[in-house]
Structure formats: C-alpha cells, structure tokens
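Structural description and commentary
The primary structure of each chain is shown beneath.
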Amino acid sequence: MTRYGGTFLNKGLFNLTENEIDEDVRPSEVWSLNTKTLDWSKMPPPGGDKVVGYRNGGTAHIPEKGLGFFYGGRAGNTTDSEFANWTDIDANQWQSDCLLTFDMEKNVWTNSSSGLLPVIIPSLLYVPIGKDGILVSVGGITAFSWSFGWDTPVVGKILDEIDIYDIANKKWYTQRATGYMPINNTGFCTVIARASDNSSFNIFLHGGIPTKGAGNAWSDVYVLSLPSFVWTKIETTGTSAGRGGHTCHLIKNKMIVIGGRGSDQANPAWGGYDKGACDPTPLVNIFDINTFQWDTDYDPKDGQSFLVNKSIYKVIGGK
C-alpha cells in the first residue's frame, strides 16, 4: 500500500485529543505500508515529473500493474511547503486539472494535464476494459478558476457528464449519461461491480451532501451502468443513514460504508473541532448490491458473486 497527498496537521486547528500533534508542512512525499508488520516508511524521492502535495483528489489503483492515480484536487499552505506563504483567506489555493500517475515498481511520477475543468473531490474508478483499461471520473466540484479561497463560489459537476481517461492512448473524453441521475452533490462514495459475462460495469453511488451551503446528507443509492452510461435510482429496503464524506468498499456483493458525517450532527465551530457533536448513527453500514437491502450485520464468510439486479437490467437491457 502506498500513500500520497493530504493535509499536514497545523497546531491549533484540530484539537481532537489532549495529545495534539504539530507537524511542519513538508514537500510532497510518498509513503509505503508493510502490510505484514503494519509499519509505514517514507520512500526515496520519486523520479519523473515534478509533483507537489495535493489533497481532495480522486484516487484509483491497478494493483496487478503497480500503478496508482490521483486526479484533480487542490494544493495550498497545508499540503506542500512550496506554498508556505500562501493563505486560504487570500484565495491562495490551487485547483488542479491534472492526472498524476505513480509507478510503484519504478518509483516514478507522471504528471499530465487533462485539458478539462479543474476539479476537487471527484470519484475516480478503474474499469478493466480496452487495452489497458480506463479511468472514470464522476462528480466533484469546481471553482471555474485555478486559484480560489474560502469565499470563492463553487458548483458541482453535473452528473450527466462523465469524464473518461483511456490509459493506453493517454486521452481524455467526456461521455453524456442519461437516466434517473443524482442531483449535483459531493462527498458521496462509489464502488464498481462487473456482470459475470462482462456485459456491463455498474458504479454504485451512495449518499453525498449539497455542493452549496448547509443541508442534509442523502442516503440514496444510484447506479451508473457502463457501457450504456445510464443512471438508475435504486429502491432500497432496510434502514440506512444519510452520509457525506464517507468511503465505500466492495467485498463480493457487500458494499461496506465507513465513516463520514450524518445530517443529524451539529456542525462544530471553526477553530475548535473538539466541539463537534458525536454522530448517533452507525459508523459502519452494510449494503447488499444484489438484493438492494441494508443489512444489520456482516459475516466475512458469507457473500456471493455480483448479480445484475432486475431493477438495473430492465433499464439497460439483458438479464
């Protein structure tokens, strides 16, 4: 496992525990986790193109090829020491349109512009089709400018425009999507499941929060099916919780939803995140992508292969 990017913790910003951590902002780094000993170690400075530290980008990886990807995101005085003199208040954050590719075997970066609008918090997924596969970018927010600050207006990327990167040909495309799609939001999570006959790849999208102002976190589930690029809204059963800023992980037919923030939490005051309310909803939620049922428990020994539900194939065709 490799780690890149994020925010260095500034003293006085996040008072989460009595043992407050104070870290100086450093240049971009790549760290490696030994999955047997669970020890982290900083890798030697990578070669290739120059890469600064970003946060809030979309990430994907291809383990069998040793490749990791980071798309979009933003840089500022908490992500890389190169920007130590920048301030958020003065609109000194940099929004990226670049795709960063990290070769884990060679320890080499490739940094290339997408030529698209810069984007923050997109969802990036790897789809194994074509010669080397494609990357699919869903959603995110943009300020329509390279630099921005806390007061800069932002909008959500409309979800009927799906950006696609052809890895073999190193080209970006934008594909129109149709169907019953989510409203523009951000902070959702996604997983991808392929049909047993490879006839479709289905991106499950859960939750999210409004891109502007305060509002509820949604608990809805939608599916974007490829290659038809049709959205389907899923009618679920069981009890679910609205989430934003969470992550999703697929194990067989179970989508494991972890963390995030519920809509029923009181917002903490800026400058003292220890004042935030505890979330009364579960930290972990389980969704069965075959039956569309929110489960109350999870057994790692259980699970089935993904089966395209009738609600999906009656929209996109097939069985």
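We now turn to the structure provided with this report. (Residues numbered from 1 in each chain as written. Predicted model: local features only at pLDDT ≥ 70, side-chain atom pairs only at ≥ 80, totals over all residues. Heavy atoms only, no water.)

So, the overall build of the protein
- Counting its secondary structure elements, the protein contains one helix and 28 strands.
- In the protein, which comprises 319 residues, the proportion classed as buried is 44%.
- Contacts spanning at least 24 positions in sequence make up 56% of the contacts within the protein whose residues lie at least 6 apart.
- Total accessible area on the protein stands at roughly 16700 Å², and carbon and sulfur atoms take up 52% of it. (Helix = DSSP H or I, 4+ residues; strand = E, 2+ residues; numbered from the N terminus. Buried < 20%, exposed > 50% of the residue type's maximum accessible area, 1.4 Å probe, protein only. Contact = heavy atoms within 4.5 Å. Areas by Shrake-Rupley, 256 points an atom, 1.4 Å probe, with all protein chains shown as cover.)

Quick notes on the state of the cysteines
- Applying the stated criterion across every chain, the model contains one disulfide.
- Sulfur-sulfur distance for the disulfide between cysteine 189 and cysteine 248 comes to 1.7 Å. With cysteine 189 in strand 20 (residues 189–194) and cysteine 248 in strand 25 (residues 247–251), this residue pair connects regions lying 59 residues apart in the sequence.
- Exposure remark for cysteine 189: the relative accessible area of 4% places this residue in the buried category.
- Relative accessible area serves as the criterion here: at 10%, cysteine 248 is assigned to the buried category. (Disulfide = S-S within 2.5 Å.)

Some remarks on the sheet that holds strand 27 (residues 284–288)
- Sheet architecture is open: four strands sit in the order 25-26-27-28, paired in antiparallel fashion. Looking at strand neighbours, the two that pair on one side only are strand 25 and strand 28 (293–295), the edges of this open sheet. With strand direction ignored, the average angle separating the axes of adjacent strands in the sheet is 30°.
- Here strand 27 runs beside strand 28; their pairing, made up of three bridges, is antiparallel. Across the sheet, the residue bridging to isoleucine 286 is aspartate 295, located in strand 28. (Pairing = 2+ DSSP bridges. Axes fitted to C-alpha atoms, helices over the stretch in contact; angles between N-to-C directions.)

Examining unusual backbone geometry
- In this structure, the amide linkage connecting leucine 226 to the following residue, proline 227, adopts the cis form with an omega of 10°.
- Tracing the chain through its elements places proline 227 in the loop between strand 23 (221–226) and strand 24 (230–233).
- The residue leucine 38 is not glycine, and still its phi comes out positive at about 65°.
- The phi torsion at phenylalanine 292 lies on the positive side, around 60°, for a residue other than glycine.
- As for its placement among the helices and strands, phenylalanine 292 is situated in the loop between strand 27 and strand 28.
- Using a relative accessible area of 3% as the deciding quantity, one classes phenylalanine 292 as buried.

Describing the pattern of salt bridges
- Within this structure, the stated rule accounts for nine salt bridges.
- We note a salt bridge from arginine 176 to aspartate 160, for which the minimum N-O separation is 3.1 Å. Of the two residues, arginine 176 is situated in strand 17 (residues 171–176) and aspartate 160 in the loop between strand 15 (155–156) and strand 16 (161–166); the sequence distance between them amounts to 16 residues.
- Taken together, the salt bridges that share partners define one network made up of Arg26, Glu29 and Lys42. (Salt bridge = Lys/Arg side-chain N within 4 Å of Asp/Glu carboxyl O.)

Details of the packing of aromatic side chains
- Taken as a whole and judged by the stated rule, the model has 11 aromatic pairs.
- Measuring from ring centre to ring centre gives 6.2 Å for phenylalanine 287 and phenylalanine 292, while their planes differ by 5°; the resulting arrangement is stacked.
- In this structure an aromatic cluster arises from ring pairing among Tyr4, Tyr54, Phe70, Phe102 and Trp109.
- Over the ring of tryptophan 40 we find arginine 3, and its NZ or CZ is 4.9 Å from the ring centre. (Phe/Tyr/Trp six-rings, centres within 6.5 Å; stacked < 30°, edge-to-face > 60°. Lys NZ or Arg CZ within 6 Å of the ring centre and 35° of its normal.)

Observations concerning the side chain of serine 200
- For serine 200, the position within the fold is in the loop between strand 20 and strand 21 (201–206).
- A distance of 3.1 Å separates the side chain of serine 200 from the side chain of asparagine 202, its partner in a polar contact.
- Dropping the residues within four chain positions of it, serine 200 is found in contact with Ala193, Arg194, Ala195, Leu226, Pro227, Val308 and Ile316. (Polar contact = N/O pair within 3.5 Å; in protein donor to acceptor, adjacent residues only side chain to side chain.)

Some words on the pairing of strand 24
- In terms of strand pairing, strand 18 (residues 178–179) meets strand 24 through two bridges, oriented parallel. Across the sheet, residue glycine 179 finds its bridge partner in strand 24, namely tryptophan 231.
- Bridge count between strand 23 and strand 24: four bridges; the pairing is antiparallel. Pairing of leucine 224 across the sheet is with tryptophan 231, part of strand 24.
- Counting the residues between successive antiparallel strands, the hairpin from strand 23 to strand 24 contains three residues, one of them, phenylalanine 229, with a positive phi of roughly 55°.

Things to note about the pairing of strand 27
- With four of five residues buried, strand 27 lies mostly within the body of the structure.
- One ladder, built from five bridges, connects strand 26 (residues 254–258) with strand 27; its direction is antiparallel. Within strand 27, the position partnered with methionine 255 by the bridge is phenylalanine 287.
- Taking the residues between adjacent antiparallel strands as the criterion, strand 27 and strand 28 are bridged by four residues, where phenylalanine 292 takes a positive phi near 60°.

These figures come from the coordinates and say nothing about function on their own.
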